[in-house]
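The residues making up each chain are set out below.
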Amino acid sequence: MRLRGLLLVIALLVAPHGVADWGYQTVEGAGGVPLNVVTAGDPQSPAILFVHGIGQSHYSFVRQLNSDLAEDFFLVTFDLRGHAASGKPWLPEAYNQPAVWARDVAAVMAATKIQRPIVVAWSYGTLVILDYVREFGVENLAAINLTGGHGALRPFRMPPADDPNAEAFAQVRKLQLSPSLTDNIDAVERMVQWLTEGPIPDQERQYFEAITLMLPAYARRGMLARRPDNQDLLARLTLPVLLSLGEADNPTQLEDGADMAATHGNVSLSVYANTGHSVFFEQPERFNTELRQLARRVFPDSD
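Residues numbered from 1 in each chain as written. Predicted model: local features only at pLDDT ≥ 70, side-chain atom pairs only at ≥ 80, totals over all residues. Heavy atoms only, no water.

*Asks:* What is the right way to read the packing of helix 4 (residues 98-112) against helix 5 (residues 124-136) from this model?
*Replies:* To describe two helices that pack against each other, one gives the angle between their axes and the distance between the axes. Put simply, helix 4 and helix 5 touch, their axes get as near as 8 Å, and they point 85° apart. Judged on the interaxial angle alone, helix 5 and helix 4 are roughly perpendicular. Residues P98, A99, W101, A102, R103, V105, A106 and M109 of helix 4 form the contact with helix 5, whose participating residues are Y124, V128, I129, D131, Y132, E135 and F136. For the contact of helix 4 with helix 5, the residue count by class is 12 nonpolar, no polar and three charged. (Axes fitted to C-alpha atoms, helices over the stretch in contact; angles between N-to-C directions. Helix = DSSP H or I, 4+ residues; strand = E, 2+ residues; numbered from the N terminus. Parallel < 35°, antiparallel > 145°, perpendicular 65-115°, else oblique. Contact = heavy atoms within 4.5 Å. Nonpolar A, V, L, I, M, F, W, Y, C, P; charged D, E, K, R; others polar.)

What follows is the structure in C-alpha coordinates.
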(Lines give C-alpha, C1' and ligand atoms only; values in the text may rest on other atoms or scores of the structure.)
Protein backbone atom coordinates (compact mmCIF):
# COMPACT_ATOMS: atom_id res chain seq x y z
CA MET A 1 0.00 0.00 0.00
CA ARG A 2 2.84 2.38 0.80
CA LEU A 3 4.39 1.91 -2.67
CA ARG A 4 0.99 2.41 -4.31
CA GLY A 5 0.55 5.65 -2.40
CA LEU A 6 3.98 6.90 -3.39
CA LEU A 7 3.35 6.06 -7.04
CA LEU A 8 0.09 8.01 -6.88
CA VAL A 9 1.97 11.05 -5.56
CA ILE A 10 4.51 10.65 -8.40
CA ALA A 11 1.66 10.70 -10.90
CA LEU A 12 0.39 13.92 -9.35
CA LEU A 13 3.84 15.47 -9.45
CA VAL A 14 4.32 15.09 -13.19
CA ALA A 15 0.97 16.80 -13.81
CA PRO A 16 0.14 20.44 -12.99
CA HIS A 17 -0.45 20.72 -9.24
CA GLY A 18 -2.71 23.71 -9.04
CA VAL A 19 -0.18 26.54 -9.28
CA ALA A 20 -1.56 28.43 -12.24
CA ASP A 21 1.25 30.93 -12.66
CA TRP A 22 4.08 28.43 -13.06
CA GLY A 23 5.37 27.95 -16.59
CA TYR A 24 6.70 24.63 -17.86
CA GLN A 25 8.95 23.79 -20.78
CA THR A 26 11.31 21.05 -21.86
CA VAL A 27 14.86 22.10 -22.72
CA GLU A 28 17.51 19.98 -24.44
CA GLY A 29 20.48 19.62 -22.13
CA ALA A 30 23.94 18.19 -22.75
CA GLY A 31 23.86 15.06 -24.89
CA GLY A 32 20.22 15.66 -25.77
CA VAL A 33 18.88 14.93 -22.28
CA PRO A 34 15.44 16.54 -21.82
CA LEU A 35 15.32 18.88 -18.83
CA ASN A 36 12.07 19.90 -17.14
CA VAL A 37 12.17 23.68 -16.61
CA VAL A 38 9.76 25.59 -14.37
CA THR A 39 9.40 29.38 -14.24
CA ALA A 40 7.43 32.00 -12.34
CA GLY A 41 7.22 35.75 -12.81
CA ASP A 42 7.83 38.16 -15.67
CA PRO A 43 10.62 37.15 -18.10
CA GLN A 44 11.50 40.85 -18.41
CA SER A 45 12.36 41.10 -14.70
CA PRO A 46 15.84 40.42 -13.25
CA ALA A 47 16.38 36.68 -13.06
CA ILE A 48 17.04 34.27 -10.20
CA LEU A 49 18.05 30.72 -11.13
CA PHE A 50 17.52 27.94 -8.56
CA VAL A 51 19.51 24.67 -8.69
CA HIS A 52 18.33 21.87 -6.40
CA GLY A 53 20.20 19.06 -4.66
CA ILE A 54 20.56 15.33 -5.19
CA GLY A 55 17.34 13.34 -5.01
CA GLN A 56 15.00 16.34 -5.15
CA SER A 57 13.57 18.66 -7.83
CA HIS A 58 12.35 22.12 -8.71
CA TYR A 59 9.64 21.63 -6.09
CA SER A 60 12.24 22.11 -3.35
CA PHE A 61 11.87 25.83 -4.05
CA VAL A 62 8.07 25.92 -3.79
CA ARG A 63 8.28 28.57 -1.03
CA GLN A 64 10.20 30.84 -3.36
CA LEU A 65 8.20 30.15 -6.53
CA ASN A 66 4.94 30.82 -4.66
CA SER A 67 6.22 33.91 -2.85
CA ASP A 68 6.16 37.59 -3.72
CA LEU A 69 9.63 37.17 -5.21
CA ALA A 70 7.77 36.29 -8.41
CA GLU A 71 6.28 39.79 -8.46
CA ASP A 72 9.70 41.40 -8.90
CA PHE A 73 11.94 38.71 -10.38
CA PHE A 74 11.85 36.07 -13.07
CA LEU A 75 12.31 32.81 -11.17
CA VAL A 76 13.77 29.89 -13.12
CA THR A 77 14.44 26.37 -11.89
CA PHE A 78 14.71 22.91 -13.39
CA ASP A 79 14.94 19.23 -12.56
CA LEU A 80 18.53 18.07 -12.78
CA ARG A 81 19.23 15.24 -15.22
CA GLY A 82 18.18 11.94 -13.70
CA HIS A 83 15.69 13.66 -11.43
CA ALA A 84 11.90 14.06 -11.34
CA ALA A 85 10.49 14.94 -14.79
CA SER A 86 13.87 15.28 -16.55
CA GLY A 87 15.51 12.57 -18.64
CA LYS A 88 17.40 9.72 -17.01
CA PRO A 89 20.33 8.55 -19.15
CA TRP A 90 21.87 5.36 -17.80
CA LEU A 91 25.57 5.66 -18.64
CA PRO A 92 27.82 6.78 -15.75
CA GLU A 93 29.38 9.40 -18.04
CA ALA A 94 26.06 11.23 -18.06
CA TYR A 95 26.52 12.00 -14.35
CA ASN A 96 30.19 11.90 -13.37
CA GLN A 97 31.54 14.52 -15.80
CA PRO A 98 31.50 18.19 -14.66
CA ALA A 99 31.01 19.47 -18.21
CA VAL A 100 27.59 17.83 -18.64
CA TRP A 101 26.24 19.61 -15.57
CA ALA A 102 27.72 22.92 -16.73
CA ARG A 103 26.16 22.56 -20.17
CA ASP A 104 22.77 21.70 -18.68
CA VAL A 105 22.82 24.98 -16.73
CA ALA A 106 23.91 26.89 -19.84
CA ALA A 107 21.12 25.27 -21.86
CA VAL A 108 18.47 26.30 -19.33
CA MET A 109 19.81 29.86 -19.22
CA ALA A 110 19.82 30.10 -23.01
CA ALA A 111 16.33 28.62 -23.42
CA THR A 112 14.80 30.96 -20.84
CA LYS A 113 16.85 33.91 -22.16
CA ILE A 114 18.09 34.95 -18.74
CA GLN A 115 21.14 37.17 -18.52
CA ARG A 116 23.33 37.60 -15.43
CA PRO A 117 21.00 35.88 -12.96
CA ILE A 118 21.54 35.46 -9.27
CA VAL A 119 22.01 31.73 -8.78
CA VAL A 120 20.67 29.98 -5.67
CA ALA A 121 22.34 26.57 -5.48
CA TRP A 122 21.48 24.00 -2.83
CA SER A 123 23.52 21.00 -1.63
CA TYR A 124 24.65 19.02 -4.72
CA GLY A 125 23.49 22.00 -6.75
CA THR A 126 26.42 23.97 -5.32
CA LEU A 127 28.70 21.59 -7.22
CA VAL A 128 26.61 21.99 -10.37
CA ILE A 129 26.87 25.78 -10.44
CA LEU A 130 30.61 25.60 -9.85
CA ASP A 131 30.81 23.16 -12.75
CA TYR A 132 29.24 25.98 -14.76
CA VAL A 133 31.78 28.48 -13.43
CA ARG A 134 34.66 26.17 -14.36
CA GLU A 135 33.33 25.74 -17.90
CA PHE A 136 31.94 29.21 -18.65
CA GLY A 137 33.30 31.62 -16.03
CA VAL A 138 31.31 34.17 -14.03
CA GLU A 139 30.74 36.82 -16.71
CA ASN A 140 27.09 35.89 -17.17
CA LEU A 141 26.30 35.60 -13.45
CA ALA A 142 25.37 38.45 -11.10
CA ALA A 143 25.85 36.67 -7.75
CA ILE A 144 25.83 33.20 -6.23
CA ASN A 145 23.92 32.10 -3.13
CA LEU A 146 25.24 28.74 -1.89
CA THR A 147 23.09 26.92 0.65
CA GLY A 148 23.35 23.49 2.24
CA GLY A 149 26.93 23.21 1.00
CA HIS A 150 29.90 25.17 -0.29
CA GLY A 151 30.48 23.44 -3.61
CA ALA A 152 33.84 21.93 -2.60
CA LEU A 153 35.40 25.38 -2.34
CA ARG A 154 36.90 23.79 0.74
CA PRO A 155 37.68 20.05 0.99
CA PHE A 156 34.52 18.15 1.83
CA ARG A 157 34.47 16.78 5.37
CA MET A 158 31.91 14.43 6.83
CA PRO A 159 30.32 15.30 10.19
CA PRO A 160 32.32 14.16 13.22
CA ALA A 161 32.45 10.42 13.91
CA ASP A 162 30.46 10.91 17.11
CA ASP A 163 27.54 12.43 15.20
CA PRO A 164 24.48 10.40 16.28
CA ASN A 165 23.28 10.12 12.67
CA ALA A 166 26.59 8.95 11.16
CA GLU A 167 25.92 5.21 11.31
CA ALA A 168 22.32 5.60 10.18
CA PHE A 169 23.41 7.81 7.29
CA ALA A 170 25.82 5.14 6.05
CA GLN A 171 23.08 2.52 6.17
CA VAL A 172 20.60 4.74 4.34
CA ARG A 173 23.17 5.54 1.65
CA LYS A 174 23.69 1.78 1.12
CA LEU A 175 19.93 1.33 0.66
CA GLN A 176 19.75 4.29 -1.72
CA LEU A 177 22.42 2.83 -3.98
CA SER A 178 20.91 -0.65 -4.01
CA PRO A 179 19.38 -1.90 -7.28
CA SER A 180 16.39 -3.08 -5.22
CA LEU A 181 13.44 -0.70 -5.32
CA THR A 182 12.24 -1.95 -1.93
CA ASP A 183 15.63 -0.96 -0.49
CA ASN A 184 15.27 2.47 -2.08
CA ILE A 185 11.79 2.85 -0.56
CA ASP A 186 13.11 1.86 2.86
CA ALA A 187 15.66 4.68 2.62
CA VAL A 188 13.19 7.36 1.62
CA GLU A 189 11.54 8.29 4.89
CA ARG A 190 14.78 8.70 6.84
CA MET A 191 16.54 10.65 4.11
CA VAL A 192 13.66 13.10 3.64
CA GLN A 193 13.49 13.54 7.41
CA TRP A 194 17.10 14.76 7.30
CA LEU A 195 16.29 17.53 4.83
CA THR A 196 15.11 19.75 7.67
CA GLU A 197 15.68 20.19 11.38
CA GLY A 198 11.97 20.34 12.19
CA PRO A 199 9.05 18.29 10.84
CA ILE A 200 7.92 18.76 7.24
CA PRO A 201 4.17 19.30 6.63
CA ASP A 202 2.51 16.10 5.42
CA GLN A 203 1.84 17.18 1.83
CA GLU A 204 5.37 18.43 1.21
CA ARG A 205 6.83 15.37 2.93
CA GLN A 206 4.85 13.07 0.64
CA TYR A 207 6.00 15.04 -2.39
CA PHE A 208 9.64 14.95 -1.31
CA GLU A 209 9.47 11.20 -0.64
CA ALA A 210 7.95 10.52 -4.06
CA ILE A 211 10.46 12.77 -5.81
CA THR A 212 13.34 10.96 -4.11
CA LEU A 213 12.21 7.69 -5.71
CA MET A 214 12.28 9.27 -9.16
CA LEU A 215 16.09 9.35 -9.10
CA PRO A 216 17.30 5.90 -10.23
CA ALA A 217 20.00 4.27 -8.13
CA TYR A 218 22.31 4.09 -11.16
CA ALA A 219 22.09 7.87 -11.57
CA ARG A 220 22.75 8.45 -7.87
CA ARG A 221 25.78 6.15 -8.07
CA GLY A 222 27.12 8.14 -11.02
CA MET A 223 26.68 11.43 -9.19
CA LEU A 224 28.32 10.20 -6.01
CA ALA A 225 31.28 8.78 -7.93
CA ARG A 226 32.57 12.31 -8.38
CA ARG A 227 35.32 13.60 -6.09
CA PRO A 228 35.14 17.34 -6.78
CA ASP A 229 37.75 19.82 -5.63
CA ASN A 230 36.91 23.44 -6.43
CA GLN A 231 39.38 25.19 -4.15
CA ASP A 232 41.02 26.76 -7.19
CA LEU A 233 37.74 28.42 -8.20
CA LEU A 234 37.45 30.61 -5.12
CA ALA A 235 39.85 33.17 -6.59
CA ARG A 236 37.73 33.28 -9.78
CA LEU A 237 34.55 34.05 -7.86
CA THR A 238 34.92 37.82 -8.05
CA LEU A 239 31.15 38.36 -7.84
CA PRO A 240 29.17 38.49 -4.56
CA VAL A 241 28.87 35.09 -2.89
CA LEU A 242 26.39 34.55 -0.05
CA LEU A 243 26.60 31.39 2.07
CA SER A 244 23.25 30.55 3.71
CA LEU A 245 23.80 27.67 6.13
CA GLY A 246 21.72 25.98 8.79
CA GLU A 247 23.17 25.84 12.29
CA ALA A 248 22.01 22.22 12.63
CA ASP A 249 23.53 21.12 9.31
CA ASN A 250 27.04 19.67 8.85
CA PRO A 251 29.14 21.67 11.37
CA THR A 252 32.25 21.42 9.20
CA GLN A 253 30.47 23.49 6.52
CA LEU A 254 29.83 26.22 9.07
CA GLU A 255 33.52 26.28 9.99
CA ASP A 256 34.57 26.46 6.34
CA GLY A 257 31.94 29.10 5.56
CA ALA A 258 33.11 31.30 8.42
CA ASP A 259 36.70 30.98 7.24
CA MET A 260 35.83 31.92 3.66
CA ALA A 261 33.80 34.92 4.79
CA ALA A 262 36.66 36.08 7.02
CA THR A 263 39.30 35.81 4.30
CA HIS A 264 37.43 36.89 1.15
CA GLY A 265 35.77 40.29 0.99
CA ASN A 266 33.15 39.22 -1.57
CA VAL A 267 31.96 36.25 0.53
CA SER A 268 29.37 36.69 3.29
CA LEU A 269 27.87 34.15 5.66
CA SER A 270 24.34 33.97 7.04
CA VAL A 271 23.72 31.29 9.68
CA TYR A 272 20.17 30.14 10.46
CA ALA A 273 19.61 29.03 14.05
CA ASN A 274 17.56 25.89 14.72
CA THR A 275 17.62 25.10 11.01
CA GLY A 276 19.03 22.19 9.04
CA HIS A 277 19.91 21.44 5.44
CA SER A 278 17.12 23.40 3.72
CA VAL A 279 17.12 26.94 5.10
CA PHE A 280 15.10 28.28 2.13
CA PHE A 281 12.30 25.84 2.99
CA GLU A 282 12.53 26.01 6.78
CA GLN A 283 12.80 29.80 7.06
CA PRO A 284 11.48 31.09 3.72
CA GLU A 285 10.61 34.62 4.90
CA ARG A 286 14.13 35.29 6.14
CA PHE A 287 15.72 33.54 3.17
CA ASN A 288 13.59 35.43 0.65
CA THR A 289 14.33 38.73 2.42
CA GLU A 290 18.07 38.11 2.31
CA LEU A 291 17.79 37.09 -1.34
CA ARG A 292 16.06 40.41 -2.04
CA GLN A 293 18.86 42.23 -0.22
CA LEU A 294 21.41 40.47 -2.41
CA ALA A 295 19.38 41.45 -5.47
CA ARG A 296 19.46 45.10 -4.45
CA ARG A 297 23.26 44.93 -4.48
CA VAL A 298 23.54 43.46 -7.97
CA PHE A 299 20.31 44.73 -9.59
CA PRO A 300 20.20 48.43 -8.61
CA ASP A 301 16.89 48.99 -10.39
CA SER A 302 15.12 45.98 -8.81
CA ASP A 303 13.22 48.03 -6.18
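*Asks:* Quick question: what am I supposed to make of the packing of helix 7 (residues 181-193) against helix 8 (residues 202-213) here?
*Replies:* Running from amino to carboxyl end, helix 7 crosses helix 8 at an angle of 140°, the nearest separation of the two axes being 9 Å. Between helix 7 and helix 8, the crossing angle belongs to the class labelled oblique. Classified by chirality, the crossing of helix 8 by helix 7 is right-handed. Packed against helix 7, whose contacting residues are L181, N184, I185, V188, E189 and V192, the element helix 8 presents R205, F208, E209, T212 and L213 at the interface. Looking at side-chain class alone, the contact of helix 7 with helix 8 contains six nonpolar, two polar and three charged residues. (Left-handed = near helix turned anticlockwise from the far one by under 90°.)

*Asks:* Please explain the nonpolar core as it appears in this structure.
*Replies:* Within soluble globular proteins, side chains that are nonpolar generally end up buried alongside one another. With 50 residues, the main nonpolar core has L49, I129 and L237 as its most contacted residues. When residues no more than four places from it in sequence are discounted, the contact partners of L49 are V76, F78, V105, V108, M109, I114, P117, I118, V119 and V120. If you look at the next biggest cluster of nonpolar residues, it comprises 38 residues, including I48, A70, V188 and L195. (Core = buried A, V, L, I, M, F, W, Y, C linked by side-chain atoms within 4.5 Å. Buried < 20%, exposed > 50% of the residue type's maximum accessible area, 1.4 Å probe, protein only.)

*Asks:* I tried to follow helix 6 (residues 166-176) on my own but got confused; where do I start?
*Replies:* What helix 6 keeps buried is the set V172, L175 and Q176. Relative to the axis of helix 6, the buried residues are bounded by an arc of 100° and lie together on one face. Of the exposed residues in helix 6, those oriented more than 90 degrees away from the buried face are E167 and K174. Where helix 6 is buried, its residues meet helix 7 and helix 9 (217-224). (Arc of directions from axis to C-beta.)

*Asks:* Sorry, what's going on with the pattern of salt bridges here?
*Replies:* Oppositely charged side chains may form a pair once their charged atoms are brought near each other. With the rule as written, the count across this model stands at 10 salt bridges. Residues D259 and R154 are paired through a salt bridge, measuring 2.7 Å at the closest nitrogen-oxygen approach. Taken as a pair, D259 in helix 10 (residues 251-263) and R154 in the loop between strand 6 (143-147) and helix 6 lie far apart in primary sequence, 105 residues in all. Overall, the relative accessible area of 17% leaves R154 in the buried class. Taken together, the shared-partner salt bridges in this structure form one network comprising D68, D72 and R292. (Salt bridge = Lys/Arg side-chain N within 4 Å of Asp/Glu carboxyl O.)

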